[in-house]
Structures are given as C-alpha cells and as structure tokens.
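Close look at the chain arrangement
Listed below are the residues making up each chain.
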Amino acid sequence: MAFRWVIFFVIIAIIEIYAFQAIKTVTKVRWIILLYGLISVAAVAFVFYGFSKFDRTVGQTQLFMMTIGVLLLILVPKLLLTFVMLLEDILRLMLGTKNYFENYDNTTFLPERRQFVSRIALGIAAIPFLSLIYGMTVGKYNFKVLRQTLFFPDLPDSFDGFTITQISDIHSGSFDNPEKISYAVDLINEQNSDLLLFTGDIVNTHAVEMHPWIDTFSKIQNHKFGKYSILGNHDYGEYVDWKSAEAKDKNFEDIKDLHRQIDFKLLLNENVKIKKGTDEIAVVGVENWGIKFKKVGDLNKASENLNKEDFKILMSHDPSHWDAEVKEHPKHFHLTLSGHTHGFQFGIEIPGFFKWSPVEYVYKQWAGLYENLGRYIYVNRGFGFHAYPGRVGIMPEITVIELKKGQKIV
C-alpha cells in the first residue's frame, strides 16, 4: 500500500512540474505564478487529506466524492498538458543532440521552451478542466428525457402504443440538492406513462442514504399499470467493511424495504403479468447478475410459468447479463432494460451521429438501444451519479419507451 502511495506521489509530482513549466513559460508575472503554486499545493493537499479520511466501514461520503472531483481536476487537464509538453521535450532533446554533434554554437544543450507550445498545452488542458467544473456544478442534475419507439410483430394488440418510463441508478447517497431531485421527479410524472420501471441501485451502500429522499420519491405518481423495481450491485452492501454479518443482512433487508416505502413493487427473481383488455405481457425482474459483479440473478426462476410466446420485458441491472445469458435464451426476452454503466458519466454524444465514452471498452452495451435478431436491450445512462460528483457529456436520463405493433419502417 505504501509503495502505491509513493508511485502516486511521483506521478503527481511529474505532472505538477510540467504544469508549472508551462505557466512559467507563458507568463513572468510573479503573483500569477505564486497564486498558481498555492492553488496547486492546496489541491494536492486536499486530495491526500480526503483519501486519508476514507473509512472502509462507511464507504462513499460527500468528502470522498469531492476528493475524486478535485483529483480529476488535477489529473485530467494536467495529463493532457504534460503530454504536449513531453512531446516538446522530445523535440528539444532531438534538436539539442543534433546541435551538439554539428558543433552548433549555443550556450545550452536544450533549446528554450517555446511560448506558443505552452499556450497550446494550456488551451487544450482548459477544455477538460472547464468540462469537469461544468459536470460538477450543472451537468450532474441536467436531466434529459430520451424517447424510443420500438416495434414488435408479436406485441399483443392491446399494448400497441403502450408507454414505459425507465429510471435507473438513483444512488441517493450522492445527492446534495433537493430542488433538483424534486424537479426530476416532476419530469417523471410529466411523462404520464402507462408503466414505470426502476432498474436498480437505489443507494450507494447504506439504506439510510435514501431516508432524506423518501418523501421526494414518494411523490412519483402511481402509474396505471404499476411501478416495479429490481436491485443493483450497490444494493447488496458489498463495497464496505461491516462490523458483522448481521449488520450487513439488516442493511440489505432495509434496502429492500425502501422500495415499499416509495411504493414500488420489488421483483426478486420473479415476474408479474400486466393485463390490458384481453391481452397481457410479462414484466420479469432478476436480482443483480454481472460478469464482473455479484451474480445472484436467476433468469430461469424469474421466468417460471412463462413460455417463449409470451411477450416479456426483462429488468436486469447489469447489461453484461444480456450477452452472457439473455439475448439467446430460449424463452425469448423481447426487451431488456438495464443501467449500471452510467455511461461512465463522461463522454461525447451527438444524438444520431456519434457516441463515445471510455466505458465502451468495458461494456459492449453501455448507453442507449442495442438489437440482436429482433431482441432489444436499452441501457439507461442513470438518474444519479457515483464517485465522480458530476457528469460530462453523458447526462442523467429519464427514458420513455413506446411499444408499437408491427415492423419498423426503415
């Protein structure tokens, strides 16, 4: 552990040295250089302080999240700046070597740094710096309603035009603005959908995180065909050290009861039939199942008494479940709704044209709609946020899906 801290400190030191060189090259004004130095020292000191206060029995706190935010503000922009400055150093070294062997008359081996290169480096670094600031102040509560229309030839006639609102990854322990959360609940209600589905992670770890928000989420209106939910990986209390197994079990039971308190029916490897007119569809809810996370979801148990011909909507928190078990399952799950990835809370999206996030190198299905042989998965980008207290490019999402009977017209 101590060795890791040494490595971390060395990396921070290298980055800070390069950043300081860039500032000194661009300006000679002493008070600006001094102010930059003081701010940098204070930021690094805060990061070390924040990590030193992390308690494995408590887990994520507001202090820890702010520490992550400040760390990213230090690392990401200055890593880019360091990269540019390092390229300049390689060029300076090559020119210095060339001059040395050509006996060029110069008082120093390395040419001086070029001011315009430092300006370019600082300009590049400013982009992620300002983006991260925006993400921590505005982006984390910049809720978006995203709509999808899906066509199914075997959709029961009575459900043609049926609407579903999906939310996922509430992570209530991260919230710090009641007004913004109330606004998001109003947005959910404004959709006036037939059915509301919540696909897991109601807390970061502890049931008490949700207590200040129960009244707010209880204001989500009753939907005509119900409000159903499942558990996510964070709902099992796996990421902290517990004083006893009994304390962990008690927390888990309390988390499950939170769903009742906000008037959601929690599905634990089970299904319910939704009836409309003379037709019905099945909503199937599995516990968490993820390639790299807890595997307690039982798809076969959850789909007991269902057959291949039944129209089924599956709620499964982790989208890796889809590739591993769901998409080729013989019972044919028409639509899977997931969350979990948060879209990494960082990326670039130009709707209909371009979508990128580092999380795509971990999850094949990470945000939005995916299809395989007429079976769909929709991955919600998440309602809340976790670890980094913000969102850059990947906004918090409320999804509205309309089911239509027939074939999609291309």
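Before going into details, it helps to say that this report is about the structure given with it. (Residues numbered from 1 in each chain as written. Predicted model: local features only at pLDDT ≥ 70, side-chain atom pairs only at ≥ 80, totals over all residues. Heavy atoms only, no water.)

1. Notes on helix H5 (residues 178-190)
- With 13 residues, H5 should cover 18 Å at 1.5 Å per step; its first-to-last C-alpha distance of 18 Å lies within 8% of that length.
- Those residues of H5 lying buried are Ile181, Ala184, Val185, Leu187, Ile188 and Asn189.
- Among the structural elements, strand E1 (144-152), strand E2 (162-167), strand E3 (195-198), helix H6 (214-217) and strand E14 (397-405) are those in contact with the buried residues of H5.
- Structurally, the start of H5 carries an N-cap: the backbone nitrogen of Glu179 is 3.2 Å from a side-chain oxygen of Asn177. (Helix = DSSP H or I, 4+ residues; strand = E, 2+ residues; numbered from the N terminus. Expected span 1.5 Å × (residues − 1). Buried < 20%, exposed > 50% of the residue type's maximum accessible area, 1.4 Å probe, protein only. Contact = heavy atoms within 4.5 Å. Polar contact = N/O pair within 3.5 Å; in protein donor to acceptor, adjacent residues only side chain to side chain.)

2. Things to note about empty space enclosed by the protein
- Within this structure, the stated rule accounts for 1 cavity of 30 Å³ or more.
- In this structure, the largest cavity is lined by Phe8, Ile12, Val44, Val47, Phe48, Leu71 and Ile74.
- Secondary-structure elements contributing two or more residues to the lining of the largest cavity are helix H1 (2-26), helix H2 (30-52) and helix H3 (62-101).
- Broken down by element, the lining of the largest cavity gets its largest block of residues, 3 residues, from H2.
- Tallied by class, residues from the lining of the largest cavity come to 7 nonpolar, no polar and no charged. (1 Å grid on protein atoms, 1.4 Å probe; cavity = no way out; pocket = protein on both sides within 12 Å on 5 of 7 lines; lining within 4 Å. Points joined across faces, edges and corners; volume = space filled by probe spheres on them. Nonpolar A, V, L, I, M, F, W, Y, C, P; charged D, E, K, R; others polar.)

3. Let's talk about the sheet that holds strand E12 (residues 368-372)
- The 6 strands are arranged E6-E7-E8-E9-E13-E12 in an open sheet whose pairing can be described as mixed. The open sheet has two edge strands, strand E6 (270-276) and E12, and neither has a second partner. The mean inter-strand angle of the sheet, taken between neighbouring strand axes irrespective of direction, is 20°.
- The pairing of strand E9 (residues 335-338) with strand E13 (residues 375-379) spans 4 bridges and is parallel. Paired with Leu335 across the bridge in E13 is Tyr376. (Pairing = 2+ DSSP bridges. Axes fitted to C-alpha atoms, helices over the stretch in contact; angles between N-to-C directions.)

4. Describing the pattern of salt bridges
- For the structure on display, the rule yields 18 salt bridges.
- A salt bridge links Asp323 to Lys327; the nearest nitrogen and oxygen atoms lie 2.8 Å apart.
- Classification of Lys327 as buried rests on a relative accessible area of 17%.
- By sharing partners, the salt bridges in this structure join Glu88, Asp89, Arg92 and Arg113 into a single network. (Salt bridge = Lys/Arg side-chain N within 4 Å of Asp/Glu carboxyl O.)

5. Focus: the nonpolar core
- In terms of nonpolar packing, the biggest core is built from 32 residues, with Phe175, Ile202, Met210, Phe217 and Phe383 touching the most fellow members.
- Counting only elements with at least two residues in this core, the list comes to H5, E3, H6 and helix H7 (245-261).
- Here the element with the most residues in this core is H5; it accounts for 5 residues.
- Discounting chain neighbours no more than four positions away, the residues touching Met210 are Ser172, Ile202, Val203, Phe217, Leu258 and Ile262. (Core = buried A, V, L, I, M, F, W, Y, C linked by side-chain atoms within 4.5 Å.)

6. So, the packing of aromatic side chains
- Counted under the stated rule, the structure contains 17 aromatic pairs.
- Each ring, one from Phe9 and one from Phe48, has its centre 6.3 Å from the other, and the planes form 65°; the classification is edge-to-face. Of the two residues, Phe9 sits in helix H1 while Phe48 sits in helix H2, which places them 39 residues apart along the sequence.
- Taking the centre distance of 5.1 Å and the plane angle of 25° together, the rings of Tyr236 and Phe252 count as stacked. Of this pair, Tyr236 sits in the loop between strand E4 (227-229) and H7 while Phe252 sits in helix H7, placing them 16 residues apart in sequence. Each member of the pair, Tyr236 as well as Phe252, is classed as buried.
- Site record: aromatic cluster; members linked through ring pairs are Tyr141, Phe143, Phe175, Trp213, Phe217, Phe383 and Phe385. (Phe/Tyr/Trp six-rings, centres within 6.5 Å; stacked < 30°, edge-to-face > 60°.)

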